[in-house]
Amino acid sequence: MWRPVVVTVAPAAEPLTTADAKAHCRVDHSDDDTLIASYSAAARSLVEAMTGTRLYTQTVSFKTDDWSDLLNLPIAPVQSISSIAYTDTAGDVITLAGTVYETRLDLLEPRIVLKYEQTWPTIREGSLITVTAVVGYGAAGAQPADLMHGLKLIVGDMYAHRETVTEGAAVSTPVAATVDALTCNHRRHLI
């Protein structure tokens, strides 16, 4: 069973720039730049949580207690596997040699499999296998257009409706259904 993914090296930037978010929100002043930038970060985090994907290149680690879980990694897309570490029966932390496994980094279904005539090592009972990986669609511009549009809709909604809507107030159609539709083809799973 996979434990929660931990970001060890955060994204260098947001895929939705403040300038692009401002253009979507039709904001032509700089008074709200910090606020809009925070909305962009929150929107990215929300879409990543909704989909199980990472939008911008970052390094993460994730842990499991069974080698079979490597057949279905908990996050996508995976650019590369940096290391796989485990605790052997003697209690030593070992980095698994790359000669034992191969990666199949298909966009939304990444997996790690044994190479021919290899076997997974025995791990110490109760210990965890730790995978460290570089994940994400890449730098700015590499993200799917529908996910980027979803980010813009979320930021626009946050900017326009900063508080809970009160009963009787004039409200436009919520963006939740549209964001749901835009992200549905990128969903991996719910952890």
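From a predicted model like this one, the values you see are computed outputs, not experimental measurements. (Residues numbered from 1 in each chain as written. Predicted model: local features only at pLDDT ≥ 70, side-chain atom pairs only at ≥ 80, totals over all residues. Heavy atoms only, no water.)

Colleague: Is there a simple way to explain the overall build of the chain in this structure?
Modeller: Each helix and strand in the chain was counted, giving four helices and seven strands. In the chain, the order of α-helices and β-strands from amino to carboxyl end is β-α-α-β-β-β-β-β-β-α-α. For the C-alpha atoms alone, the extent of the chain along its principal axes is close to 65 × 30 × 25 Å. Counting only residues that meet the buried cut, the chain has 41% of its 191 residues in that class. Contacts spanning at least 24 positions in sequence make up 75% of the contacts within the chain whose residues lie at least 6 apart. Measuring between centres, the 14 positive side-chain charges of the chain sit 2 Å from its 22 negative side-chain charges. (Helix = DSSP H or I, 4+ residues; strand = E, 2+ residues; numbered from the N terminus. Buried < 20%, exposed > 50% of the residue type's maximum accessible area, 1.4 Å probe, protein only. Contact = heavy atoms within 4.5 Å. Lys, Arg positive; Asp, Glu negative; His and termini not counted. Charge placed at Lys NZ, Arg CZ, Asp CG, Glu CD.)

Colleague: Just to check I follow, could you spell out the packing of aromatic side chains for this structure?
Modeller: What characterises a pair of aromatic rings is the spacing of the ring centres plus the angle enclosed by the ring planes. Taken as a whole and assessed by the stated rule, the structure comprises three aromatic pairs. Ring plane angle 70° and centroid distance 5.2 Å describe the contact between tryptophan 2 and phenylalanine 62, whose orientation is recorded as edge-to-face. One end of the pair, tryptophan 2, is in the segment before strand E1 (6-9); the other, phenylalanine 62, is in strand E2 (residues 58-64), and 60 residues separate them in sequence. For tryptophan 2, a relative accessible area of 14% gives the class buried. Between tryptophan 67 and tyrosine 86, the aromatic rings sit 5.6 Å apart at their centres with planes inclined by 70°, giving edge-to-face as the arrangement. With tryptophan 67 in the loop between E2 and strand E3 (78-87) and tyrosine 86 in strand E3, the pair connects residues that are 19 residues apart, well separated along the chain. (Phe/Tyr/Trp six-rings, centres within 6.5 Å; stacked < 30°, edge-to-face > 60°.)

Colleague: How should I be thinking about the nonpolar core in this particular structure?
Modeller: The tendency in soluble globular proteins is for nonpolar side chains to be buried side by side. Counting residues in hydrophobic clusters, the biggest one holds 21 residues, and the most contacted among them are Phe62, Trp67, Leu73, Ile81, Ile84, Ile112 and Val131. Those elements that place two or more of their residues in this core are E2, E3 and strand E7 (129-135). Other than its neighbours up to four places away in sequence, phenylalanine 62 contacts Trp2, Val5, Leu73, Pro74, Ile75, Ile129, Thr130, Val131 and Ala133. Ranked by size, the runner-up nonpolar core spans 20 residues in total, among them Leu16, Leu55, Met148 and Ile154. (Core = buried A, V, L, I, M, F, W, Y, C linked by side-chain atoms within 4.5 Å.)

Colleague: How should the packing of helix H1 (residues 18-25) against helix H3 (residues 145-160) be read in this particular structure?
Modeller: For any two helices packed against each other, the geometry comes down to the angle between their axes and how far apart the axes lie. At a minimum axis distance of 9 Å, the contact between H1 and H3 shows a crossing angle of 65°. Here H1 runs over H3; the crossing is right-handed. Along the contact surface, H1 presents Ala21, His24 and Cys25, while H3 presents Lys152, Leu153, Val155, Gly156 and Tyr159. (Axes fitted to C-alpha atoms, helices over the stretch in contact; angles between N-to-C directions. Left-handed = near helix turned anticlockwise from the far one by under 90°.)

Colleague: Help me understand the side chain of lysine 22, please; the structure alone is not making it clear to me.
Modeller: Examined against the element boundaries, lysine 22 turns out to sit in helix H1. Looking at lysine 22, its side chain comes within polar contact range of the main-chain oxygen of histidine 29, at 2.8 Å. When residues no more than four places from it in sequence are discounted, the contact partners of lysine 22 are Val27, His29, Ser30, Asp33 and Ile36. (Polar contact = N/O pair within 3.5 Å; in protein donor to acceptor, adjacent residues only side chain to side chain.)

Colleague: Where do I start with the pairing of E7 in this structure?
Modeller: Every regular strand shows the same layout, with side chains that alternate between the two sheet faces. Here E7 lies mainly inside the structure; seven of its seven residues are buried. Bridge count for E2 against E7 is seven bridges, and the pairing is antiparallel. Residue pairing for E7: lysine 63 is matched across the bridge by threonine 130. One ladder, built from six bridges, connects E3 with E7; its direction is antiparallel. Directly across from isoleucine 84, in E7, lies its bridge partner valine 131. (Pairing = 2+ DSSP bridges.)

Colleague: Would you mind showing me how to read the pattern of salt bridges here?
Modeller: Once the charged atoms of two side chains with opposite charge are near each other, the side chains can pair. Taken as a whole and assessed by the stated rule, the structure comprises eight salt bridges. In this structure, glutamate 48 and arginine 54 form a salt bridge, with 4.0 Å as the shortest nitrogen-oxygen distance. A relative accessible area of 7% places glutamate 48 in the buried class. With a closest N to O distance of 3.4 Å, glutamate 109 and arginine 111 form a salt bridge. Look at the salt bridges and you will find they share partners, linking Glu14, Arg44, Glu48 and Arg54 into a network. (Salt bridge = Lys/Arg side-chain N within 4 Å of Asp/Glu carboxyl O.)

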